[in-house]
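Notes for the structure review
Single-letter residue listing:
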Amino acid sequence: MRDVAVVGFAQRQMKDFDGSPSMAELLVPILAECYEQTGWAKKDIGFWCSGSSDYLAGRSFSFVSAIDAIGVLPPVNESHVEMDAAWALYEAWLKIQTGEVDTALVFGFGKASAGVLRRTLTLQLDPYTMTPLWPDTVSLAALQARLGLDAGLWDEAALAEVVNRSLTDAEKNEYAVRAGGSSVGELLARPMFADPLRKHDCAPVTDGAAAIVLAAGDRAREANQRPAWITGIAHSSDGLHLGTRDLTTSGSAQRAAAAAGGTDGVQVAELHAPFSHQELVLRSALGLGDDVALNPSGGALAANPMFSAGAIRIGEAAKRIWDGSADKVVGHATSGPALQQNLVCVMEGRN
Amino acid sequence: MGKIPAAVIGIGQTHHRAKREDVSMAGLCREAMDRALEDAGLTLDEVDAIVIGKAPDLFEGVMMPELYLAEALGAAGKPLLRVHTAGSVGGSTAIVASSLVQAGVHKKVLTVAFEKQSESNAMWALSVPIPFVMPVHAGAGGYFAPHVRSYIRRASAPSHIGAIVAAKDRNNALKNPYAHLHNEGTTVESVLASQMLWDPIHYDETCPSSDGACAMVIAAEDVAKTYEAPAWIHGTAMRSEPTSAAERDQVNPQAGREAAAALWKATGITDPAREIDCAEIYVPFAWFEPMWLENLGFAAEGEGWKLTEAGETAIGGSLPVNMSGGVLSSNPIGASGMLRFAEAALQVRGRAGEHQVDGARRALGHAYGGGSQFFSMWVVGSEQPAN
Amino acid sequence: MTVAFDYTRSTGPVIGRFLTGLRDATIVGGRLGDGRVAVPPPEFDPVTHQAVTEFVELPDTGTITSWTWVSEPVAGQPLGKPFAFALITIDGADTPWLQAVDVASPDDIETGMKVRARWAEERTGSVTDLVFVADDGNAPETATPAGGTEDVGLIVTPVSLDYRYAASPEESSFFRGLAEGRILGQRCPKCRKVYVPPRGACPTDGVPTSEEVELSDVGTVTTFCVVNVPFLGQRIKPPYVSAYVLLDGADIALQHLILDIPAEEVRMGMRVKAVWKPRDEWGTSIENISHFAPTGEPDADFDSYKHHL
Ligand SMILES: [Zn+2]
């Protein structure tokens with residue numbers, strides 16, 4: 001395998017993006033920031049890959065005009081996944097591994113506020129046996145949360161602790177759309193939204209976009225003084241149907257972590273947990289001990305832009321390598337209802 | 001460590017029809033997948049990862065349908081990737097599956113692409129009104145017809161070239177049991193006599209709307225070598241450009257030219273018209289055959305129609321094109337690109353049945369999408385590439 | 001705006017069997033290779049990957065495995081008032097099924113509670129043919145009659161989503177101009193090309209277009225087609241000419257309609273002028289221009305627009 005590192009990362013997250021669904025105008029400054037970080041220009045990028053969703057935008061081929069932000073004449077070597085940009089990053093990493101290119105820029109974007117997000121996501125479900133009931137994503141997560149409560153795997157206080165820590169850390173994140181710590185007691189006094197979940201247990205609807213630059217070997221060292229070397233990256237999927245999987249664990253996250261070489265020695269983990277209890281599920285699936293700093297960015301509970309939030313976790317984790325505050329980190333992304341798909345990206349300061 | 005050589009060791013497709021009301025989406029995909037697995041002598045459990053492609057989710061009204069399909073497709077417990085690059089997606093999906101093997105991550109990857117257009121109405125899904133845009137579009141035909149007119153003008157092409165392509169492809173489809181359209185007796189005259197839908201495009205010069213799926217198993221060198229006739233992947237290329245840009249060439253798009261140039265370079269091909277034995281090219285409207293022959297470098301600019309007119313693109317000609325009947329005879333949009341890639345592989349494996357080109361050793365599979373701005377293509381061969 | 005379509009779904013044999021059961025007020029499970037019974041039956045066995053072919057008719061009673069309270073229902077949800085979604089394990093089944101439960105409040109539901117189906121009188125073969133209610137042990141005495149004779153093989157599932165659309169600041173300036181009867185383009189600061197509408201990102205350079213350029217409403221037809229085909233959602237009645245019009249001063253053509261001339265007389269290179277709707281019908285839309293009509297000037301030279309094809 002070639003040595004490949006995360007060498008650039010830029011993001012924009014907001015409650016309500018007042019602009020076009022392709023978000024090209026939001027991507028322009030994001031890409032500019034990536035160029036500035038790496039000292040590169042468009043011509044230095046060998047491969048481009050993006051992640052987004054037509055249904056989020058409400059029209060077919062929504063990703064098409066987003067690539068205008070790159071400036072695509074002359075044409076570029078480019079691909080797109082209908083997934084979070086973390087999987088676009090995976091495709092780009094593969095492309096570098098084939099030896100065809102040495103550098104890649106991946107991006108994701110989504111304007112969740114254009115529709116009613118928890119209803120839009122209902123279209124991800126089984127169209128014959130589930131969607132006609134319009135089960136919203138928050139309800140599905142709540143069913144998962146109660147299974148864990150009933151089984152004694154977590155209690156409401158544990159969920160509130162996750163929220164309190166996340167929103168406290170989010171105060172230092174300029175992109176958080178929800179921030180401000182409180183106390184477990186105060187959080188538990190708030191009303192239920194989707195019993196047993198309160199609104200603060202659910203990620204806020206967020207618009208946003210993000211980009212990550214990958215590079216191999218010397219190109220990485222040229223772009224970043226301390227590249228975040230990807231020493232393991234893998235993903236896996238479970239079935240969607242709630243009846244046929246154990247929702248209190250995450251088999252796919254566990255398999256992805258194992259295939260990425262495990263998380264021994266990881267100091268910082270950025271987990272993509274759109275619901276508080278899911279952080280607990282992931283923490284155990286990824287085998288992260290109490291000594292691992294979780295979601296110093298505030299995580300998805302502070303901001304969760306669809307189709308880039310997973311990639312943002314990888315970017316946030318990489319930043320801890322760049323600034324020298326950690327030597328080994330993990331970034332994680334999820335997709336689908338109740339943690340159906342998971343991707344794990346382990347990065348280290350030394351390759 | 002260099003790229004791991006990879007090859008297609010299993011191919012499957014559905015019978016493509018306007019409406020496959022006998023199957024669900026899962027059933028449609030599994031029909032193609034099970035054929036590909038049987039061809040490769042593998043079970044779903046033996047596959048390392050699944051890469052799925054389809055065009056816009058609005059066609060079936062399911063957001064990221066691979067999620068709910070995961071169990072039925074045997075992807076639960078495995079890595080599952082979903083690619084969407086507009087009409088080129090079937091090709092791009094195969095390329096992503098290839099890179100999983102070439103990167104050395106997996107040994108056996110199953111890739112599948114599908115569209116069940118009968119669940120909705122493609123014209124609707126493609127023409128959902130966007131505020132601020134004049135609603136003059138009438139689906140894909142309305143989009144491409146003006147560019148066909150531009151080609152005819154630029155190349156000074158006779159007006160019956162599209163009909164030659166349509167008659168050829170419809171007759172090729174008669175040899176392909178999986179093809180959607182089996183229109184006996186299609187002739188240049190009958191095509192020209194069909195209704196003018198989007199002038200200058202006649203009804204018989206347009207693709208049908210189909211339900212269908214295509215699947216392939218792509219394996220690493222050590223696995224592929226144990227097979228009798230693998231289709232070795234000699235090279236792949238993808239390029240994108242903007243949908244609309246000042247002075248963008250919409251007849252002979254730069255992205256297509258550059259993708260082809262990159263592909264010929266990667267495969268060491270200097271004279272594609274001579275070195276490629278046959279080509280499956282994404283031709284949803286008949287006139288795109290001469291346009292893409294030029295774009296791909298098989299003919300000089302303005303000369304593509306002469307190859308078509310001379311019969312060189314028929315089976316038996318110097319460069320047979322769309323032996324399967326092409327997109328003009330079957331168009332499950334998301335799968336159409338993969339069908340092109342798969343037909344190229346079938347040809348070099350010598351397994352194309354009645355539409356086999358004698359002695360095909362190197363073949364091109366090509367797909368494009370959007371408003372002619374996304375291109376994906378590969379060259380497969382009966383021999384393992386030297387590099 | 002609303003994106004709505006009634007999807008027609010072919011169910012295949014397994015889901016068809018399940019939905020036919022619901023239509024007839026019967027819950028049908030599928031037997032998996034390991035002997036378990038799953039509701040709804042999966043089309044393919046998750047372990048053996050074989051098509052599920054053995055079906056089991058089950059009672060319409062079960063036990064709640066998990067539940068949540070939908071305090072703010074969204075459009076399309078079953079009861080039109082706050083209700084519970086629950087995972088319900090049907091008696092005789094081994095896997096839970098996601099369904100709605102009609103109880104008055106979250107205090108009236110708990111894990112382990114027994115529930116039974118309340119069937120709709122009119123049933124079509126859909127998971128909306130029933131909701132669950134607390135099972136007080138008093139099941140209705142009369143059996144619910146079957147809902148039809150043909151097997152369910154095709155279902156119609158309406159999907160309707162509302163979206164709020166917005167434009168980039170550059171596009172917005174274009175639409176504000178239209179409201180004043182002006183066509184405003186913008187020049188890219190790098191390649192100097194004039195875009196109409198302006199762009200949040202010049203597709204060549206990836207920077208926003210900036211310098212405003214007011215364009216003439218006269219231009220040249222670069223290419224076109226005659227649309228003869230009617231289709232769903234179409235807002236202009238065919239036949240009509242859909243053309244690319246390169247406005248004088250612009251570097252990119254706009255798509256619009258050509259009228260006031262027989263379709264067969266429209267030509268590449270034809271000079272045309274915008275015909276505006278009456279001012280009181282104007283909005284902030286390109287449709288303020290009703291169509292383009294010939295100016296009567298001589299056709300433009302092919303060389304003058306050949307780079308715009
Ligand atoms: Zn420019």
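For clarity, every value in this text was computed on a predicted model and none was experimentally measured. In this numbering scheme, every chain counts its residues from 1 along its sequence in written order. Following the order in which they are written, the chains are lettered starting with A and the ligands numbered starting with 1. Only residues with pLDDT of at least 70 are given local features in this predicted model, and only at 80 or more are side-chain atom pairs given and counted; all residues enter the totals for whole chains, interfaces and linings. The basis for every side-chain value is the complete set of non-hydrogen atoms in the structure, without hydrogens or water.

Let's talk about the domain arrangement of chain A
Residues and elements named next belong to chain A. Put simply, the test is: An automatic or database domain assignment supplies the residue ranges for each domain. We call two residues in contact whenever any of their non-hydrogen atoms come within 4.5 Å of each other. Simply put, the buried area is the total loss of 1.4 Å probe accessible area from both parts when two parts are fitted together. By definition, a salt bridge exists where a carboxyl oxygen of Asp or Glu is found within 4 Å of a side-chain nitrogen of Lys or Arg. Side-chain atoms alone can form a polar contact between residues adjacent in sequence; in general such a contact is a pair of N or O atoms within 3.5 Å, and within protein one must be able to donate a hydrogen while the other accepts it. Numbering of helices and strands runs from the N terminus, with a helix taken as a DSSP run of H or I at least four residues long and a strand as a DSSP run of E at least two residues long.
Per the domain assignment, the segments of chain A are domain 1 (4–116 + 205–227) and domain 2 (132–204 + 229–348). Facing 43 residues of domain 1, the contacting portion of domain 2 comprises 38 residues. For the domain 1 and domain 2 pair, buried surface summed over both sides reaches about 3200 Å², with 66% attributable to carbon and sulfur atoms. At the boundary of domain 1 with domain 2, the tally comes to 1 salt bridge. One salt bridge connects Arg226 with Asp327, and the closest N-O pair in it is separated by 2.8 Å. Put simply, domain 1 and domain 2 have 15 residue pairs in polar contact (both at pLDDT 80 or more) between them. Contributions of two or more residues to the side of domain 1 that touches domain 2 are made by strand E1 (4–14), helix H3 (85–97), strand E4 (103–111), strand E7 (205–216) and helix H8 (217–223).

Quick look at the sheet that holds strand E4 (residues 55–58) of chain C
Where strands meet in a sheet, backbone hydrogen bonds hold them as pairs that are either parallel or antiparallel. Residues and elements named next belong to chain C. Worth spelling out the cut-off: A pair of strands is treated as paired once DSSP finds two or more bridges between them. Whenever a helix is involved, its axis is fitted only over the stretch in contact; in every case the axis is a line through C-alpha atoms, and angles between N-to-C directions fall within 0 to 180 degrees.
Here we have 3 strands laid out as an open sheet, ordered E3-E2-E4, and antiparallel in their pairing. Edge strands, defined here as strands with exactly one partner in the open sheet, are strand E3 (37–38) and E4. One ladder, built from 4 bridges, connects strand E2 (residues 27–31) with E4; its direction is antiparallel. Paired with Ile27 across the two strands is Leu58, which belongs to E4. Packed onto the sheet, helix H1 (residues 12–23) meets E2 and E4 and runs at close to 150 degrees relative to E2.

Comments concerning the interface of chain B and chain A
Accessible area lost during the coming together of the parts is what is often quoted as the interface size. Facing 54 residues of chain B, the contacting portion of chain A comprises 57 residues. With both chains or domains summed, chain B and chain A bury close to 4700 Å², and 63% of this area falls on carbon and sulfur atoms. Three residues, Met63, Leu67 and Tyr68 of chain B, lead the burial of chain B against chain A; their summed loss comes to 16% of the area buried on that side. Where chain B packs against chain A, one counts 1 salt bridge. Between Lys3 of chain B and Glu100 of chain A there is a salt bridge whose closest N-O contact spans 2.8 Å. At the surface where chain B touches chain A, the tally comes to 15 residue pairs in polar contact (both at pLDDT 80 or more). Looking at the side of chain B that touches chain A, the elements with two or more residues in it are helix H2 (66–69), strand E3 (80–83), helix H3 (89–102), helix H4 (122–126), strand E8 (231–240) and helix H9 (254–267) of chain B.

As for the coordination of the zinc ion
Residue and element names in this part refer to chain C. Applied cut-off: Think of the donor list as every N, O and S atom within 2.8 Å of the metal, or within 3.2 Å for Na, K and Ca; water never makes the list, so a site can look incomplete. Every angle between 85 and 135 degrees makes a four-donor site tetrahedral, while opposite donors more than 155 degrees apart, with all other angles between 65 and 115, make a four-donor site square planar and a six-donor site octahedral; other sites are irregular. In this scheme, a residue with accessible area under 20% of its type's maximum is buried, one over 50% is exposed, and one in between is partly exposed, where area comes from a 1.4 Å probe on protein chains only.
Those donors, Cys188 (SG), Cys191 (SG), Cys202 (SG) and Asp205 (OD), are the protein atoms that reach the zinc ion, and they lie 1.9 to 2.3 Å from it. Around the zinc ion, the 4 donor atoms sit at angles spanning 103 to 114 degrees, and that spread fits a shape best called tetrahedral. Residue Cys191 is classed as partly exposed on the basis of its relative accessible area, which comes to 25%.

Considerations on the pairing of strand E7 (residues 211–220) of chain B
Residues and elements named next belong to chain B. With 10 of 10 residues buried, E7 is to be regarded as a mostly interior element. The alternating pattern of E7 places Asp211, Ala213, Ala215, Val217 and Ala219 on one face and Gly212, Cys214, Met216, Ile218 and Ala220 on the opposite face, and all of these are buried. Summarising the sheet, strand E1 (residues 6–13) and E7 pair through 7 bridges and their orientation is antiparallel. For Ile11, the partnering residue across the bridge sits in E7 and is Met216. In the sheet, strand E4 (residues 108–116) pairs with E7 via 9 bridges, with the strands oriented antiparallel. Pairing of Lys108 across the sheet is with Ala219, part of E7.

Some points on the environment of Met1 of chain C
All names here are of chain C. Among the structural elements, Met1 can be located in the segment before strand E1 (2–10). A residue is classified by how much of its surface remains accessible, and Met1, at 30% relative accessible area, is partly exposed. Through-space distance from the C-alpha of Met1 to that of Arg31 is 44 Å; in sequence the pair is 30 residues apart.

What to know about unusual backbone geometry
If a residue is not glycine, its phi is most likely negative; likewise, a peptide bond is most likely trans. A cis amide bond links Asp195 of chain A with the next residue in sequence, Pro196 of chain A, at an omega value of 15 degrees. Structurally, Pro196 of chain A can be placed in the loop between strand E5 (192–194) and strand E6 (197–198). The omega angle of the peptide bond from Val196 of chain C to Pro197 of chain C is -10 degrees, so this bond is cis rather than trans. By the secondary structure assignment, Pro197 of chain C is in the loop between strand E12 (194–195) and strand E13 (211–215). Unlike most non-glycine residues, His49 of chain C shows phi in positive territory, near 65 degrees. Residue position: His49 of chain C is located in the loop between E3 and E4. For His49 of chain C, a relative accessible area of 8% puts it in the buried group. At Asp260 of chain C, a residue that is not glycine, the phi angle is positive and equals roughly 65 degrees. Mapped onto the elements of the fold, Asp260 of chain C is located in the loop between strand E16 (254–258) and strand E17 (271–276). Overall, the relative accessible area of 57% leaves Asp260 of chain C in the exposed class.

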